[in-house]
Amino acid sequence: MDGAGNADEADEGWVVRPVTGAATTKAYRCPGCDHLIELGTPHRVVWPVGALDDRRHWHTPCWARRHARPDRFRRGGRRG
């Protein structure tokens with residue numbers, strides 16, 4: 001847990017932080033599906049371990065099925 005009481009999940013070299021809908025302050029674009037994560041939607045913030053500047057906001061189901069389309073996301077958040 002971090003100082004704010006948020007639990008981070010470890011996932012294959014990635015830091016995965018769940019975000020509650022109440023904690024969102026703006027909409028983000030999910031790199032998994034390229035659709036907006038609307039304000040108030042629970043989701044995940046994900047970044048490579050040691051690279052906080054590369055964090056991206058993902059729909060929870062998109063992050064869960066990211067391995068089904070490995071070409072969709074590469075480290076650094078660039079779509080291929």
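One structure accompanies this document, and this report is about it. (Residues numbered from 1 in each chain as written. Predicted model: local features only at pLDDT ≥ 70, side-chain atom pairs only at ≥ 80, totals over all residues. Heavy atoms only, no water.)

**Describing the side chain of threonine 24**
Rules: Strands here are runs of E lasting at least two residues and helices are runs of H or I lasting at least four, both read from the DSSP assignment and numbered beginning at the N terminus. A 3.5 Å cut-off defines polar contacts: any pair of N or O atoms within that distance qualifies, except that in protein one atom must be a possible hydrogen donor and the other a possible acceptor, and neighbouring residues in sequence count only when both atoms are side-chain atoms. The criterion used for residue contact is that any of the two residues' heavy atoms lie within 4.5 Å.
When you line up the elements, threonine 24 lands in the loop between strand 2 (14-19) and strand 3 (28-29). For threonine 24, the side chain forms a polar contact with the main-chain oxygen of glycine 21, separated by 2.8 Å. A polar side-chain atom of threonine 24 sits 2.7 Å from the main-chain amide nitrogen of glycine 40. Each residue touching threonine 24, except ones within four places of it in the same chain, is listed here: Val19, Leu39, Gly40, Thr41 and His43.

**Thoughts on the side chain of histidine 43**
Relative to the assigned elements, histidine 43 resides in strand 5 (residues 43-48). For histidine 43, the side chain forms a polar contact with the side chain of histidine 57, separated by 2.9 Å. Excluding its chain neighbours within four sequence positions, the residues that come into contact with histidine 43 are Arg17, Pro18, Val19, Thr24, Tyr28, Ile37, His57, Trp58, His59 and Thr60.

**Points about the nonpolar core**
Defined as follows: Only buried Ala, Val, Leu, Ile, Met, Phe, Trp, Tyr and Cys residues count toward a nonpolar core, and they belong to the same one when joined by side-chain atoms within 4.5 Å. In this scheme, a residue with accessible area under 20% of its type's maximum is buried, one over 50% is exposed, and one in between is partly exposed, where area comes from a 1.4 Å probe on protein chains only.
Of all hydrophobic cores here, the largest spans eight residues; its members are Trp14, Val16, Cys30, Ile37, Val46, Trp58, Cys62 and Trp63. Of all elements in the fold, only strand 2 and helix 1 (60-64) reach the threshold of two or more residues within this core. Not counting residues within four places of it along the chain, the set of residues in contact with isoleucine 37 comprises Lys26, Ala27, Tyr28, Cys30, His43, His57, Trp58 and His59.

**Remarks on the state of the cysteines**
Operational definition: Pairs of cysteine sulfur atoms within 2.5 Å are what we label disulfides.
Scanning the entire structure with this criterion turns up zero disulfides. Between cysteine 30, a cysteine without a disulfide, and cysteine 62, which holds the nearest cysteine sulfur, the sulfur-to-sulfur distance is 3.8 Å. Unpaired in this structure, cysteine 33 has its nearest cysteine sulfur neighbour in cysteine 62, at a distance of 3.8 Å. Taking the relative accessible area as the measure of exposure, cysteine 33 reaches 22% and is therefore partly exposed.

**A closer look at unusual backbone geometry**
Residue aspartate 34 is not a glycine yet carries a positive backbone phi of 65°. Its place among the elements puts aspartate 34 in the loop between strand 3 and strand 4 (36-37). For aspartate 34, a relative accessible area of 33% corresponds to the partly exposed category.

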